[in-house]
Amino acid sequence: MELELKLTLKLVGGKEVEAESRELLDQVETQLAKLDPANKADKKKITALNKDKKALEQRLARIDSLVQEIGGQLTGEEAKQLILRKLFDLVNSELQRYLNAEKRQLVAVVENLWDKYAVSSRELEQQRRETLQELDGFLEELGYLG
């Protein structure tokens, strides 16, 4: 409720909300002037109207304090800056999301290449030579090479 009131005050200013409350306060005072305090039925209405009057006065005081707290009504330039800031933040977060996805793909490609080419061709050739020598040794033992 208070947030809604603050937003309303920020958008339209305190004067409109205050004018509405003052109009209601004037209506209460007009009704109070028409009632007779000596009449028992009017006494109940007077009590209820006095409670309403007090609530409206408290609302007016609260509106003034809230207007001071939020710094007054939003100007056109401030609204423009807020909208641009919001759009910038939205675009920036989407851009960061896309960039992070691209980074992850690039890292996956590099990791794949690393896994594929982690062993150099010289090491592979050396392993091949060692394996061939071992195979030649087995063949000699079996009597196929001589």
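A. Spotlight on the overall build of the protein. A tally of helices and strands in the protein yields five helices and zero strands. Taking all 146 residues of the protein together, the buried fraction comes to 14%. The contacts in the protein between residues at least 6 apart in sequence include a share of 68% that link residues at least 24 apart. When the accessible area of the protein is evaluated, it comes to approximately 12300 Å², of which 56% is carbon and sulfur surface.

B. Fine view of the nonpolar core. By size, the foremost hydrophobic cluster in this structure holds eight residues: Leu25, Val28, Leu32, Leu35, Ile46, Leu49, Leu56 and Leu60. Those elements that place two or more of their residues in this core are helix 2 (14-34) and helix 3 (40-70). Per-element tally for this core: the top contributor is helix 3, with four residues.

C. Representation of the packing of aromatic side chains. Scanning the model with the defined rule gives zero aromatic pairs in all. One Lys or Arg, Arg97, reaches over the ring of Tyr98 and ends 5.0 Å from the middle of that ring.

D. Layout of the pattern of salt bridges. One pass over the full model with this rule turns up three salt bridges. As a salt-bridge pair, Arg128 and Glu125 come within 3.6 Å of each other at their nearest N and O atoms. In this pair, Arg128 and Glu125 are both assigned in helix 5 (residues 121-142), three residues apart and thus about one turn of the helix distant.

E. Looking closely at helix 5. Over its 22 residues, helix 5 extends 31 Å from the first C-alpha to the last, a length consistent with the 32 Å expected when each residue adds 1.5 Å. In the segment just after helix 5, Gly143 is the residue with positive phi, at about 90°.

F. How the structure looks around a nonpolar patch on the surface. Together, Ile83, Leu84, Leu87 and Leu90 make up an exposed nonpolar region whose accessible area comes to about 390 Å². Along the polypeptide, Leu87 turns up in helix 4 (residues 76-117).

Cut-offs and rules
- Residues numbered from 1 in each chain as written.
- Predicted model: local features only at pLDDT ≥ 70, side-chain atom pairs only at ≥ 80, totals over all residues.
- Heavy atoms only, no water.
- Helix = DSSP H or I, 4+ residues; strand = E, 2+ residues; numbered from the N terminus.
- Buried < 20%, exposed > 50% of the residue type's maximum accessible area, 1.4 Å probe, protein only.
- Contact = heavy atoms within 4.5 Å.
- Areas by Shrake-Rupley, 256 points an atom, 1.4 Å probe, with all protein chains shown as cover.
- Core = buried A, V, L, I, M, F, W, Y, C linked by side-chain atoms within 4.5 Å.
- Phe/Tyr/Trp six-rings, centres within 6.5 Å; stacked < 30°, edge-to-face > 60°.
- Lys NZ or Arg CZ within 6 Å of the ring centre and 35° of its normal.
- Salt bridge = Lys/Arg side-chain N within 4 Å of Asp/Glu carboxyl O.
- Expected span 1.5 Å × (residues − 1).
- Patch = residues over 30% accessible without salt bridge, like charges linked within 9 Å, V, L, I, M, F, W, Y side chains within 5 Å.

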